[in-house]
Amino acid sequence: MTRKTIATVWLDGCSGCHMSFLDIDHRLLDIADMIELVYSPLVDRKDFPESVDITLIEGSVSNQADLDKIRHIRAHTRTLISLGDCAVTGNVPALRNTIGAEPVLQRAYMEPDMLNPQIPTIGVPPLLPVVRAVHTVVRVDVFIPGCPPSADTIFNALSDLLNDRQPSVAGKTRFGA
Amino acid sequence: MSRVATLKINGQDVSGREDETILEVARENGIPIPTLCQIEGLSNVGACRLCLVEVTGISKLLPACTTRVAEGMEVRTESDRLTHYRRMAVEMLFAEGNHICSVCVSNGHCELQGMAVALGIDHIHLPYLAPRRGVDASHERFTFDANRCILCTRCVRVCDEIEGAHTWDVMGRGVGSVVITDLNERWGDSPTCTSCGKCVQTCPTGALFIKGSAVGEMTKRNTFLTYIAQMRGNLK
Amino acid sequence: MNPEELHSLAEERREALDQFQHRVVVCTGTACQAAQSQKIIEALDGVVKERGINGRCAVSAGGCRGLCSAGPMVAVEPTDVLYQGVTPDDAASIIDSLESEPVKALTCDTSAPFFTRQKRVVLEYEGRLNPESIDDYIAAGGFSTFVRVLTEMTSSDVIEQIRQSGLGGRGGAGYSTALKWSTVAKALGTAKYVICNGDEGDPGAFMDRSVMEDYPFKVLEGMMIAAFAVGAQEGFVYVRAEYPLAVKRLKQAIRQAEKYSLLGNNICGTSFSLKLDVRLGAGAFVCGEETALIASIEGKRGSPRPRPPYPAESGLWGCPTLINNVETYANVVPILREGAEWFAGIGTERSKGTKVFALSGAIVNTGLIEVPMGITLREIIYDIGGGIPDGKRFKAVQTGGPSGGCIPEQYLDMPVDYQSLAQVGSIMGSGGMIVMDESSCMVDVAKFFMEFCMTESCGKCIPCRVGTAQMYRLLDKISQGRARLQDLEVLEELCDMVKHTSLCGLGQAAPNPILSTLRYFREEYLAHIVDHVCPAGVCKIAHEEIAL
Ligand SMILES: Cc1cc2nc3c(=O)[nH]c(=O)nc-3n(C[C@H](O)[C@H](O)[C@H](O)COP(=O)(O)O)c2cc1C
Ligand code: SF4
Ligand code: SF4
Ligand code: FES
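On a predicted model such as this, the values are computed, not experimentally measured, just so you know.

Going through the model one piece at a time under the given rule, you end up with 51 salt bridges over all chains. K198 of chain B is paired through a salt bridge with E163 of chain B; the nearest N and O atoms lie 2.7 Å apart. A residue pair is termed long-range when its members are at least 10 positions apart, and K198 of chain B in helix α5 (residues 198-202) and E163 of chain B in helix α4 (residues 154-163) qualify at 35 residues. Among the ionic pairs, R128 of chain C bridges to E77 of chain C, the shortest N-O distance being 3.0 Å. Placement of the pair is R128 of chain C in the loop between α5 (113-116) and α6 (134-139) and E77 of chain C in strand β3 (residues 74-77), with a sequence separation of 51 residues. Note on E77 of chain C: relative accessible area 9%, which makes it buried. One salt-bridge network, held together by shared partners, links E77, D80, E126 and R128 of chain C.

Residues and elements named next belong to chain C. Partitioning chain C into structural domains gives domain 1 (16-110), domain 2 (141-343), domain 3 (354-437) and domain 4 (443-529). Each of domain 1 and domain 2 has a C-alpha centre, and these two points are 33 Å apart. If you look at the interface, domain 1 gives seven residues, while domain 2 gives six residues. When domain 1 packs against domain 2, close to 500 Å² is buried across both sides, 40% of that on carbon and sulfur atoms. Its residues assigned to classes, the side of domain 1 that touches domain 2 comprises two nonpolar, five polar and no charged.

What follows covers the packing of aromatic side chains. Residue and element names in this part refer to chain B. This structure, assessed with the given rule, holds 18 aromatic pairs over all chains. For the pair W168 and W187, a centre-to-centre distance of 5.0 Å together with 70° between the ring planes defines the contact as edge-to-face. Of the two residues, W168 is situated in strand β8 (residues 168-171) and W187 in the loop between β9 (178-181) and α5; the sequence distance between them amounts to 19 residues. When its relative accessible area of 2% is taken as the criterion, W168 is described as buried. You can call W187 buried: its relative accessible area is 1%.

It is worth spelling out helix α1 (residues 3-18) of chain C at this point. Residue and element names in this part refer to chain C. The terminal C-alpha atoms of α1, which comprises 16 residues, lie 22 Å apart, in line with the 22 Å expected from a rise of 1.5 Å per residue. Buried residues of α1: L6, L9, A10 and L17, and no others. All buried residues of α1 project into a common sector of 100° when viewed along the axis, lining one side. Facing away from the buried side of α1 by over 90 degrees, the exposed positions are E4, H7, E12, E15 and D18. Looking at the buried positions of α1, the neighbouring elements they touch are β1 (22-27), α6 and α7 (144-152). At the N-terminal end of α1, a side-chain oxygen is found 3.1 Å from the backbone nitrogen of E4, two or three residues along, and the residue is N2.

A few words on the interface of chain B and chain A. Chain B puts 21 residues into the contact, and the matching count from chain A is 18 residues. With both sides pooled, the region where chain B packs onto chain A buries about 1600 Å², and carbon together with sulfur makes up 70% of that total. Here chain B and chain A share five residue pairs in polar contact (both at pLDDT 80 or more) between them. In terms of residue count, helix α3 (residues 111-118) of chain B provides more of the side of chain B that touches chain A than any other element does, three residues in total. Its residues placed into classes, the side of chain B that touches chain A shows eleven nonpolar, eight polar and two charged.

So, on to the site of ligand 2. Neighbouring ligand 2 are 14 residues, the closest being C149, C152, T153, C155 and C203 of chain B. Its residues assigned to classes, the shell around ligand 2 comprises eleven nonpolar, two polar and one charged.

With that settled, the discussion passes to the site of ligand 1. Residue and element names in this part refer to chain C. Surrounding ligand 1, one finds 18 residues, the nearest of these being G171, K180, N324, N325 and T328. G288 has a polar backbone atom sitting 3.2 Å from a nitrogen atom of ligand 1. Burial of ligand 1 by the protein amounts to 88% of the accessible area it has alone, namely 600 Å². For the shell around ligand 1, the element with the highest residue contribution is strand β8 (residues 321-325), accounting for three residues. Each residue belonging to the shell around ligand 1 can be placed in one class, and the counts come to three nonpolar, nine polar and six charged.

What counts, and where the lines are drawn
- Residues numbered from 1 in each chain as written.
- Chains lettered and ligands numbered in written order.
- Predicted model: local features only at pLDDT ≥ 70, side-chain atom pairs only at ≥ 80, totals over all residues.
- Heavy atoms only, no water.
- Salt bridge = Lys/Arg side-chain N within 4 Å of Asp/Glu carboxyl O.
- Helix = DSSP H or I, 4+ residues; strand = E, 2+ residues; numbered from the N terminus.
- Buried < 20%, exposed > 50% of the residue type's maximum accessible area, 1.4 Å probe, protein only.
- Domains from an automatic or database assignment.
- Contact = heavy atoms within 4.5 Å.
- Buried area = accessible area lost by both parts, 1.4 Å probe.
- Nonpolar A, V, L, I, M, F, W, Y, C, P; charged D, E, K, R; others polar.
- Phe/Tyr/Trp six-rings, centres within 6.5 Å; stacked < 30°, edge-to-face > 60°.
- Expected span 1.5 Å × (residues − 1).
- Arc of directions from axis to C-beta.
- Polar contact = N/O pair within 3.5 Å; in protein donor to acceptor, adjacent residues only side chain to side chain.
- Near = heavy atom within 4 Å.
- Areas by Shrake-Rupley, 256 points an atom, 1.4 Å probe, with all protein chains shown as cover.

As structure tokens, this is what we get:
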């Protein structure tokens, strides 16, 4: 049996969804033979592989780098999963959508710094004017809302996919769960 | 005295008084119909459109909460089309306000959130509006967070119809509509508010909450409305 | 006032008018007033006095002649000469030519199709009456129908006449007027109300405004007959506050009618009593919807409620209430005076009578017209309207305002009636008719109407409140060339949902401008989305990389 390649990606989120993923614990061992984790903050690989079977996205699309990344990833992924509320709805990062990016930068970098106020530009990607849920920029195949979704929910969805079933999380998780 | 009518809901024979609504008769018979703006004990406004049902011979969809039953009526409360419209209406609410469930006092106890689960909504495919809305924390015991308000007007009705204070009302039009206290004054300065908290307990979301509640801590107790409704029913 | 008194008053007034060899009537409708027609009256008065002919020549205010774009209009009676584009400086030449040939340079050709192709029922008298004088109205036969109805007919006689005439409501839907009247007449309850809907909120519409300004007495008389027919004792004319002239004239007309005891207790010595009053709307489109209008009169926030119960059963303060449009009421007097058969002879099989339209947009003659139902769009636009100016090509005609649709060239020979318009995805509506030429972008047109619906939605129900805002955003995105094909799918999904689930007619009809433009001009939407161009060159396309 060929293993399914899996990637996990961390955009604008708190890493809670990745923690919940790890909370699958020993059951990860149960599916270890079926998967190959090819790209993730948890493994040491710099470039996104040519072709991945299942990619789990944590976090919203908040800056230019997120946007470039997600477009590239979409093009090289078979099944794309929005994992967690930030990816699914924008969640906490999207709180700034009501006021725009500029006031946030002002508050973070200018106001508190009495001596040398400046907004960093070198080596950091510019913020997008609006924080986006992943599906508003690329096509998404599976949504797993939750903040974070429970380990059980993630495990069940993964198992379904590994067994070529369309995962159904309806009634098992919710926004904010 | 109202006459009694027999009708069919989802093919099931049921009976009801002609002054009863489709919703009332459906519930008496254990047939669920989703609702948001409706709450037992207050007047019905037919605003959320979640309870729309199909009635044979009528081309328009009818709100179950305001439509009275009639002899021979054939009602269907479930269809792919109805589910699709109900999902869209709930998605619209999520897209209209700023509903960040993960940091909300009502997380886990919210009727909007619950409705999304019940209807199998796992993401919002309609455009988010991300409006800029305020929070009024001027009242000593309660807070109003307009970002979470779904304009069901339950607070307006309970304050007017049960408490008799009519502190709340609606201002503005379209997506600019907002519930206000008195003539858009600070809630804390309201000379009409009796601080009874009925609005807070009736609000389906975390828009109205008791100060000091942390995430997920705000549960609502609106059984007083059920009690009032029952007492009224006994008087009929 | 009894019938004899009315009769002799009319005689008296006619004699008084006949004393004048010449009458110069200046239009004082809103458009002509804005063009200084008051100054023209003063100038004419001055010249008449100067020449010492004030015994022979009367100068008076009159109503709209329809051709507003050519105003200010001045008419000379009894020779029936019509002048256009008059200024106060023309006063002397007009007066001095009374006995000789009319002033050539100012003469408006009343044998032009604009005038001859129209059929005046609602706009009869063609603005010749002074709208501020009950005596003028009575001299022209006014109120004699009401008095006859009151003294010689029963409620059911009146309703039967209306039924035979086939009159349908002019507020938009064409609902049978007789059926509505008989429902209210049959409804149980001692207190009943009549309401005249003069809210007219559609952008570009000014039919009802003109009728109220020019024929306030005729509207009132129609209401009085209706009140008698349904058994109402009190009524309201609901007018938007943006129509100050209509408000003033209606109030004045009510006062004058009260003075002649045509309103009040035991009118004409019968047991019928009626009190009428004017109520102002604050200019919300939704307050034209009947249940919202009623809430507004009751002093509540103007938002609709689900029907049933219909106002006919439970309306103003919970009482049976008849609510009709201004133009509907204005048809009542001619019907009862000339007979139902006469009226039923005008129009088509299923749409009887005439319809007043406010013709505007890319058309030579803009203004107010009244045409028989069944006339074709081509006749209206090319014969009466004089065609498209500047040699441009016709593209579409919009009827029904924000609740209506755009009709393309292939249907120009279609008869204008309720059924045909509905068939091609538009509606008759209250009578706005906007002509568009090739320089209009249909996405932009849809966006304009959606912005209107979005800002005018009352906010009560979810589909209309949120859906209109979302549709507007998507249209805006499309017009900027930033949309994807999925956005078009979502737009169509929204149209379907908002149409079928909204509480009132505003939301239910809000998608119509999109649906009709998509039906006939889909390629224009695709041009914006796929090719990032606006074929008409109207929309500003965002050329930078899709800004998220
Ligand atoms: C949003 C909305 C706006 C309306 N505006 C008007 C209006 O301005 N004038 C009018 O006569 N009817 C208007 N109507 C229709 C009225 O609700 C009502 O049907 C009409 O006044 C009945 O009169 P009729 O039977 O004489 O047509 C509107 C309806 C809706 C849904
Ligand atoms: S504050 Fe709560 S009860 Fe009041 S309208 Fe908003 S959601 Fe409804
Ligand atoms: S359709 Fe629009 S205008 Fe009508 S009730 Fe709903 S929100 Fe109000
Ligand atoms: S519950 Fe009936 S419309 Fe909201």
